[in-house]
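Overview (structure and organization)
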Amino acid sequence: AIEVPPGDQVEFQEKLPVYEKDSYRQIGELVDLSTLGVRLISKQAVESGTLISCRVSLPKPVFGREYLNFEAKCMWSHRCEFAVEYESGYQFCRLSEEDAAIVLHLLIHSATKRMTEPRRQVVR
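The text that follows walks through the structure, step by step, so that each part is easy to find. Owing to the predicted nature of the structure, the values given are computational and were not obtained by experimental measurement.

**A few points about the layout of surface pockets**
- The space that makes up the largest pocket amounts to roughly 430 Å³.
- Taken together, the elements giving at least two residues each to the lining of the largest pocket come down to strand S1 (10-20), strand S2 (26-33), strand S3 (37-42) and strand S4 (51-62).
- The class makeup of the residues in the lining of the largest pocket is eight nonpolar, five polar and seven charged.

**A closer look at unusual backbone geometry**
- Even without a glycine there, the phi angle at Phe 63 is positive, about 55°.
- Within the secondary structure layout, Phe 63 lies in the loop between S4 and strand S5 (65-79).
- Judged by its relative accessible area of 55%, Phe 63 falls in the exposed class.

**Overview of the pairing of S3**
- Most of S3 sits inside the fold, with six of its six residues counted as buried.
- Side-chain alternation along S3 places Gly 37, Arg 39 and Ile 41 on one buried face and Val 38, Leu 40 and Ser 42 on a second face that is also buried.
- Bridge analysis of S2 against S3 gives four bridges, and the strand direction is antiparallel. Note on S3: the bridge partner recorded for Glu 29 is Ile 41.
- The turn linking S2 back onto S3 is made up of three residues.
- As judged from the six bridges shared by S3 and strand S6 (residues 86-94), these two strands associate in the antiparallel manner. Residue pairing for S6: Ser 42 is matched across the bridge by Tyr 86.

Thresholds applied
Residues numbered from 1 in each chain as written. Predicted model: local features only at pLDDT ≥ 70, side-chain atom pairs only at ≥ 80, totals over all residues. Heavy atoms only, no water. 1 Å grid on protein atoms, 1.4 Å probe; cavity = no way out; pocket = protein on both sides within 12 Å on 5 of 7 lines; lining within 4 Å. Points joined across faces, edges and corners; volume = space filled by probe spheres on them. Helix = DSSP H or I, 4+ residues; strand = E, 2+ residues; numbered from the N terminus. Nonpolar A, V, L, I, M, F, W, Y, C, P; charged D, E, K, R; others polar. Buried < 20%, exposed > 50% of the residue type's maximum accessible area, 1.4 Å probe, protein only. Pairing = 2+ DSSP bridges.

Geometric values such as these leave the question of function open.
Next up, the structure:
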């Protein structure tokens, strides 16, 4: 198992789809996760301070659930270098106890610790 101190970032071998909470419209892909927030890649820029309510499609069911639900605030956003996508970092605002348990499960069992220094942190 990976030791994950609060705020340490992990990444997934494949990006996890992120949808608007109450629809099937995909708003991006989750690429980094920590106990404090997430980093997303999307096709559209997101303004700092924007609140999002979303669900992330899990790589496999966790505690009988197929999605992680959360509300988060955009802390930063910029265009990806050499790409047409945008990356943005979000801090969790509202995360239920069940979803917090799913985050911890993902951090321990489904992700790998970043081996390189991130150019930007998930949240500041």
